[in-house]
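Here's the letter readout for the chains.
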Amino acid sequence: MKYAYFPGCVARGNCPELNSATLAIAPLLGLELVELAEAPCCGAGVINSQNPVLADTYNAKTFALAEEQGLNVMTVCSTCIGSLRKSNKRLQGQSAYLEQVNQHLRPSGREYHGNVDVTHLLYVLINDVGLDSLRSMVKRPLQGLRCAPFYGCFILRPSEVMGLDDPEHPTSLERVIEALGGKPIDYWHKTRCCGFPITLENEAASFKMAGAAIGEAKDLGAECMVTPCPLCHMNLDMQQPRIPRHTGRTYNMPVIHLPQLVGLALGLDPKQLGLHKHIMDTSAVVSRVVAH
Amino acid sequence: MADIRFQVHRFNPETDEKPYYQEYQFTPLEGSTVLDCLNYIKWHLDDTLAYRMSCRSAICGSCAMRVNGHAKLVCQTQVKNVVRPDGTVRIDPVGNMPVLKDLIADMHGFWTKMQAVKPYLMPTQPPPSANQEYLQLPEAFRLFEEEATCIMCGACVSDCTSLESDKQFLGPAALAKAYRFSADTRDGRRHERLEELIERGGMWDCVRCNECVQTCPKTVAPMEAILKLRQMALKERLTDSIGARHVTVFTDIVGRRGILDERELPVRSLGFNPVKLLGMAPVALQSVLKGKIRPLEPPHKVKGVEDVQRIHREMEDGS
């Protein structure tokens, strides 16, 4: 198993613990990651609001870098996988458009031929590692830890672009949580938006969305939330102290990155996984699992 | 097909204090749609059930409702595709609208917002000749061909995340309609339309969650229409809003560094806004202490950033 690794801006920025946790679990999973150091930002759907062809060209460069090495791309971000796959679909679908974009790659000696696929660590765990094999690697079962999966929009929708899970009733995160010995919580907000994209523009609406999800998870007895998306993590964890003023409720909900949860179950040191780096205290989760 | 238990949302404002679910159990005929099942309930089991339906061909837009929590036209939804593992199907009215009775939602707010975007042509030029229609070439129609397929069923509004938290938001259907007329070459009021649409509740309040793209039973993809409205607004230099600055600053940072530097984005997007900046200060400080934000680190850059800068330079004008 070898992938071109696209960590994305947030795992290299405000969520460095996501990057270190991913790199820590990879060798245990038999996963070789070749980081695409030259790959630009995926555009996050934001550059598309100004210049969609520019965003597609950045992503074509990323695909060309992976294609040169004969590798597919793996991300650890719901937003990155969605943006990259959307660009890839447009580029693979129309040869005239691919040619238009390639004109901007050729000055640096590159070209994308349309042969790269994009996936996410979540789907690598299911499709490449395999759940049975993952289960056999568990050294420190999660002891029925009640985890509320929170997917992040782009990893599911639109299914025409994603197609890796059911967009309305997904099960991937749940199956991974179960394989690690945790107990997934089923709740409506698990596929909804965390509100992050409009934190600056419309703070009240953004934090109400995040609060609705965290609140429902808490009401159903979740001990933590688990997300494959660092942008969701920013709104659910980093901004959690600012949510109560809009919802009138405090949550104290730890929010765990997917590879951190995997790492915990595989027996890694919680510090190495960066679990002390969150804004919301994760020690209850850690002691619940590690104490055993 | 086996027995299915339908859990149907019931509410009669004249007699019920609050809504409840009523269960109906039967074996639908092979090939039944969810609407066929509702008709069976009404015609054979319980004629008090209220819901809207008409064409049964996904054209009239009457029968949008939530099946297992997500909006669909029930006339084009095969029941065998939505039965849950426990043999149930849950049916609710569309979301984000008040309920009048059972499965019937009040669409008044939907129509008010639709009217607010002036869903009609406002030409400023006279027609090509007296008593003649405004003509349109096929290429010009293609600019909004998909958006023109909207049947105003309200499915996208039902599942819109932004609307759930902000009733002021115009919502996906009205904004897609606004794009349809802003993109029409016969219309003469694009700039004025866009000026209204950049206000609070307009194009910048969409979270881009793709719920509307997923749920639309036609090919409107409202969120994509909203992105096109944003591109139009930025082209027309309507850049004085946090949403617009967020996009232009984001694009600028990536064009210079190849990667987003989150230390730069919020400050520049907010513009001169001491209140908002102060509001963010405690969380920012906590993030510094946790090592999430590292103020002393040199600006983030990708390897070989000159190539990204070249691509950005070549394409800045949007060609």
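Our subject is the structure that appears above.
Basis of the calculations
- Residues numbered from 1 in each chain as written.
- Chains lettered and ligands numbered in written order.
- Predicted model: local features only at pLDDT ≥ 70, side-chain atom pairs only at ≥ 80, totals over all residues.
- Heavy atoms only, no water.
- Helix = DSSP H or I, 4+ residues; strand = E, 2+ residues; numbered from the N terminus.
- Contact = heavy atoms within 4.5 Å.
- Polar contact = N/O pair within 3.5 Å; in protein donor to acceptor, adjacent residues only side chain to side chain.
- Buried < 20%, exposed > 50% of the residue type's maximum accessible area, 1.4 Å probe, protein only.
- Phe/Tyr/Trp six-rings, centres within 6.5 Å; stacked < 30°, edge-to-face > 60°.
- Lys NZ or Arg CZ within 6 Å of the ring centre and 35° of its normal.
- Pairing = 2+ DSSP bridges.
- Axes fitted to C-alpha atoms, helices over the stretch in contact; angles between N-to-C directions.
- Buried area = accessible area lost by both parts, 1.4 Å probe.
- Salt bridge = Lys/Arg side-chain N within 4 Å of Asp/Glu carboxyl O.
- Parallel < 35°, antiparallel > 145°, perpendicular 65-115°, else oblique.
- Left-handed = near helix turned anticlockwise from the far one by under 90°.
- Nonpolar A, V, L, I, M, F, W, Y, C, P; charged D, E, K, R; others polar.

Student: How should I be thinking about the environment of A:Tyr97 in this particular structure?
Tutor: Residue and element names in this part refer to chain A. As for its placement among the helices and strands, Tyr97 is situated in helix H5 (residues 95-102). In the structure, Tyr97 is positioned 44 residues away from Val53 in sequence and 9.3 Å away in space, judged by C-alpha atoms. Each residue touching Tyr97, except ones within four places of it in the same chain, is listed here: Pro52, Val53, Asp56, Arg90 and Leu91. There is a polar contact of 2.5 Å between the side chain of Tyr97 and the side chain of Asp56.

Student: Can you walk me through helix H13 (residues 305-315) of chain B in this structure?
Tutor: In an α-helix, one turn spans 3.6 residues, which is why side chains three or four residues apart end up on the same side. Here H13(B) has its buried residues at B:Val305, B:Asp307, B:Val308, B:Arg310, B:Ile311, B:His312 and B:Met315. In the core, the buried residues of H13(B) are packed alongside helix H3 (52-68) of chain A together with helix H10 (242-257) of chain B.

Student: So what exactly am I meant to see when it comes to the packing of aromatic side chains here?
Tutor: A ring pair, where both rings are aromatic, is described by two values, the distance of the centres and the angle of the planes. Residues and elements named next belong to chain B. One pass over the full model with this rule turns up five aromatic pairs over all chains. Between the aromatic rings of Phe6 and Phe26, the centroid separation amounts to 5.2 Å while the plane-to-plane angle is 20°, which identifies the pairing as stacked. Here Phe6 is found in strand S1 (residues 4-10), whereas its partner Phe26 is found in strand S2 (residues 20-26), with 20 residues between them in sequence. Summarising the burial analysis for this pair, Phe6 and Phe26 share the class buried. For the ring pair Phe141 and Phe144, a centre distance of 5.4 Å and an interplane angle of 80° mean the geometry is edge-to-face. Accessibility expressed as a relative area gives 33% for Phe141, which makes it partly exposed. Joined through ring pairs, the aromatic side chains of Phe6, Phe26 and Tyr40 make up one cluster. Taking NZ or CZ as reference, Arg180 lies 4.1 Å from the ring centre of Phe181, over its face.

Student: When you look at the sheet that holds strand S4 (residues 70-73) of chain B in this model, what are you seeing that I'm missing?
Tutor: Where strands meet in a sheet, backbone hydrogen bonds hold them as pairs that are either parallel or antiparallel. All names here are of chain B. Strand order in the open sheet formed by five strands is S2-S1-S5-S3-S4, and the pairing between neighbours is mixed. The open sheet has two free edges, formed respectively by S2 and S4, since each of these has just one partner strand. Shown here is a sheet whose adjacent strand axes are inclined to one another by a mean of 35°, direction ignored. Here strand S3 (residues 64-67) pairs with strand S5 (residues 88-92) via two bridges, running antiparallel. Looking at S5, one finds that Val67 is bridged to Ile91. Packing against the sheet, helix H1 (residues 34-45) makes contact with S1, S2, S3 and S5, and its axis sits at approximately 90° to S2.

Student: Looking at this structure, I do not really get the interface of chain A and chain B. What am I missing?
Tutor: Interface size, as often reported, equals the accessible area lost upon joining of the parts. Listed by partner, the interface residues are 69 residues for chain A and 69 residues for chain B. Of the roughly 6100 Å² buried where chain A meets chain B, counting both sides, 54% is carbon and sulfur surface. For chain A, the biggest contributors to the area lost against chain B are A:Arg192, A:Leu200 and A:Glu201; these three give 13% of the whole. Connecting chain A to chain B are eight salt bridges. Linking chain A to chain B there are 35 residue pairs in polar contact (both at pLDDT 80 or more). Going through the elements one at a time, helix H1 (8-12), helix H2 (16-29), H3, helix H9 (203-219) and helix H10 (230-238) of chain A are the ones with two or more residues in the side of chain A that touches chain B. For the side of chain A that touches chain B, the leading source of residues is H3(A), giving six residues.

Student: When you look at the packing of H3(A) against H13(B) in this model, what are you seeing that I'm missing?
Tutor: Each packed pair of helices is defined by two parameters, the angle between the axes and the distance between the axes. The N-to-C vectors of H3(A) and H13(B) enclose an angle of 155°; their axes lie 10 Å apart at closest approach. Considering the angle they form, H3(A) stands roughly antiparallel to H13(B). Once H3(A) is placed against H13(B), the crossing between them reads as right-handed. Between H3(A), through A:Val53, A:Leu54, A:Thr57, A:Tyr58 and A:Lys61, and H13(B), the contact on the second element is made entirely by B:Asp307, B:Val308, B:Ile311, B:His312 and B:Met315. Here the contact of H3(A) with H13(B) is composed, by residue class, of six nonpolar, two polar and two charged.

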